[in-house]
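Coordinates in review
Each chain is listed here by its residues.
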Amino acid sequence: MSAPLRAPMSLLDLPGPDGWPVLGNLPQLTPTRLHRQLDDWCAEYGPVYRLSMPGRRLVVVGDPELSKEILRQRPGTYRRQSSIESIMSEMGSNGLFSSEGEAWRRRRRLAMPGFNAAHLTRFHTTLELITERLRRRWLAASPEDVRADLTRYTVDVTAKLTFDYDINTLEQSGDVIQQHLEHVFPMLNRRLNIPLPYWRWVKLPADHALDRALEALRTEVNAVVARARTAAPEQPTNFIEAFLLAHDGGESFTDDELFAEALTILIAGQDTTSNAAAWLLYHLASEPEAQERIREEITRIPSTLDRQPYLEAVVAESMRLQPTTPLLLMEAVHDTVLRDIALPAGTWVLVNVRYPGLLEENFADPHRFDPERWLRDADGRAHRPDVAIPFGSGPRFCPGRGLAMLEVKSVAAMTCRTFDFRLPDGVPPPDDRFHFAVIPVGLRLDLAPRPAADREFEG
Ligand code: HEM
């Protein structure tokens with residue numbers, strides 16, 4: 001970064017909403033509406049403003065260039081919020097998402113080949129099988145809760161691709177592994193949100209249940225690792241096998257690291273993808289013409305492994321309007337200067353991913369769902385794909401993007417092929433609630449099966 005010409009300003013000089021003594025802006029925040037509140041303040045105070053939390057200063061950045069600059073300067077100058085690393089470490093799952101510095105560099109080098117296109121092609125059989133189960137489930141009955149069903153879908157996909165385990169929550173319930181996984185996610189959320197890490201001194205029954213769940217999951221992963229080490233397949237059909245093939249200067253993943261990566265994929269790959277698919281179906285539900293264009297495209301280009309320009313434009317448009325992870329919380333590793341603002345070490349920097357995508361200066365008629373904008377000539381209308389970064393940016397860009405795109409495209413293709421669908425009459429639109437991912441709470445769809453000839457599933 002070039003040196004500023006004048007002395008940097010203090011972050012206290014930034015505009016921002018007035019807060020309370022000691023508690024700062026904390027009492028003004030509504031956790032489930034955080035994404036909207038931070039957008040509103042961006043509009044009011046500008047794309048770079050300050051907030052204060054008890055014992056902590058925070059800068060919110062909704063300027064796309066500055067956001068990318070921050071994300072690019074990792075792991076040296078910025079890191080993820082430090083509590084993530086300590087909490088994931090305690091759970092034995094300090095993997096690619098939460099590790100930092102040299103440890104992260106090593107993991108990234110070892111893990112990235114596991115996400116490559118050749119492996120994804122082999123993972124595709126799993127996707128086809130599980131997408132067909134979702135189709136059967138929705139043919140049997142319209143979903144009461146679309147998002148819950150899509151979470152079953154992504155749980156089944158990620159469990160098969162990490163544990164090599166066919167958990168099949170779409171067609172059955174009560175599976176032991178599923179029960180263990182159900183302990184992990186709420187407890188992780190709880191620990192990340194609680195100000196005092198009480199479990200380091202005293203464990204409640206829920207913390208003991210978490211320990212038991214993690215132990216059982218570790219046993220499961222160790223068994224997959226042992227099988228994969230013995231069989232050493234050159235054509236991996238899951239992430240563990242793919243990661244075992246990775247070597248970097250003679251180094252490879254240890255069994256403990258493989259467990260951490262398996263859990264990381266389960267955590268990073270589930271809610272993000274199921275909510276992206278849910279928002280996509282929500283946007284498509286009011287657009288029968290877009291549904292028809294997808295049908296027409298998938299008849300010509302049936303495999304989601306191939307480029308499907310229109311379907312991909314629909315995904316891009318849906319994620320512009322509702323990126324599932326709209327806020328990325330970073331922390332300054334050392335004292336630094338962000339453009340002309342002095343940031344002491346430990347300052348939180350909250351990157352607002354969604355805001356620039358909703359500005360007229362970046363996308364003409366920004367609140368309109370218009371997949372076509374990604375395909376036609378901009379013709380003088382604002383269209384800046386570079387400011388839409390739903391998968392992050394820089395060296396820590398989401399490695400699961402390829403798999404997520406396959407999952408979301410498979411769900412959309414299957415739904416359009418099998419059903420005409422719309423939002424039910426008289427049901428209010430879903431409520432967008434922030435829980436790390438933005439969730440469409442109460443999303444329902446009316447699914448009308450299409451004539452049998454159109455419904456044949458080709459994958
Ligand atoms: C639509 C679905 C998804 C969305 C919106 C999403 C979004 C993101 C974002 C915003 C980040 C942070 C990037 C950054 O800091 O610059 C991230 C990181 C990550 N994602 Fe995803 N993700 C999705 C699906 C997945 C899937 C399916 C997997 C695994 C199979 C995955 C694995 C990861 C991992 C391991 C990281 C951490 C990378 C690192 O720090 O080096 N994600 N994702």
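Residues numbered from 1 in each chain as written. Predicted model: local features only at pLDDT ≥ 70, side-chain atom pairs only at ≥ 80, totals over all residues. Heavy atoms only, no water.

The name an unreviewed UniProt entry assigns to the chain is Cytochrome P450, from the organism Nocardia xishanensis. Quoted verbatim from the Cofactor (unreviewed entry) field of the UniProt record, the comment on the chain reads "heme". (UniProt positions renumbered as here; feature names shortened; annotations may be inferred.)

Before going further, it helps to examine the overall build of the chain. Of the regular secondary structure elements, the chain holds 15 helices and 12 strands. Against the compact-globule benchmark of 23 Å for 459 residues, the chain has a radius of gyration of 22 Å, which places it among compact chains. When its C-alpha atoms are laid out on the principal axes, the chain stretches across 70 × 55 × 45 Å. Per-residue burial for the chain yields a buried fraction of 54% across its 459 residues. Taking all contacts inside the chain whose residues are at least 6 apart in sequence as the whole, residues at least 24 apart take part in 71%. (Helix = DSSP H or I, 4+ residues; strand = E, 2+ residues; numbered from the N terminus. Rg over C-alpha atoms; globule rule 2.2 N^0.38 Å. Buried < 20%, exposed > 50% of the residue type's maximum accessible area, 1.4 Å probe, protein only. Contact = heavy atoms within 4.5 Å.)

Another aspect to go through is the nonpolar core. Counting residues in each nonpolar core, the largest one holds 86 residues, and the members touching the most others are Trp138, Leu150 and Ile240. Not counting residues within four places of it along the chain, the set of residues in contact with Ile240 comprises Leu161, Thr162, Val221, Val224, Val225, Ala228, Leu258 and Ala262. One finds Tyr78, Ile341, Val349 and Val353 within the second-largest nonpolar core, a separate group that totals 19 residues. (Core = buried A, V, L, I, M, F, W, Y, C linked by side-chain atoms within 4.5 Å.)

Let us now look at the coordination of the iron atom of the ligand. Of the protein atoms, Cys398 (SG) alone serves as a donor to the iron atom of the ligand, at 2.3 Å. With respect to the helices and strands, Cys398 occurs in the loop between β8 (348-352) and α14 (401-418). (Donors = N, O, S within 2.8 Å, 3.2 Å for Na, K, Ca; no water.)

A few words on the layout of surface pockets. A probe matching the size of a water molecule, rolled over the atoms, marks out where space remains unfilled. Of the volumes computed, that of the second largest pocket is approximately 530 Å³. Lining the second largest pocket we find 28 residues, and of these Arg307, Glu312, Arg401, Met405 and Lys409 sit closest to its centre. Elements with a minimum of two residues in the lining of the second largest pocket: α5 (117-140), α13 (309-321) and α14. Of all the elements, α13 adds the most residues to the lining of the second largest pocket, at seven residues. When its residues are assigned to classes, the lining of the second largest pocket shows 18 nonpolar, four polar and six charged. (1 Å grid on protein atoms, 1.4 Å probe; cavity = no way out; pocket = protein on both sides within 12 Å on 5 of 7 lines; lining within 4 Å. Points joined across faces, edges and corners; volume = space filled by probe spheres on them. Nonpolar A, V, L, I, M, F, W, Y, C, P; charged D, E, K, R; others polar.)

Taken together, 30 residues lie around the ligand, and Arg74, Arg80, Arg108, Arg396 and Cys398 are the ones closest in. The contact in question runs from an oxygen atom of the ligand to an N or O atom on the side chain of Arg80, over 2.7 Å. Here an oxygen atom of the ligand and a side-chain polar atom of Trp104 are 2.8 Å apart. Looking at the shell around the ligand, the elements with two or more residues in it are α4 (101-111), α10 (255-269), α11 (271-285) and α14. (Near = heavy atom within 4 Å. Polar contact = N/O pair within 3.5 Å; in protein donor to acceptor, adjacent residues only side chain to side chain.)

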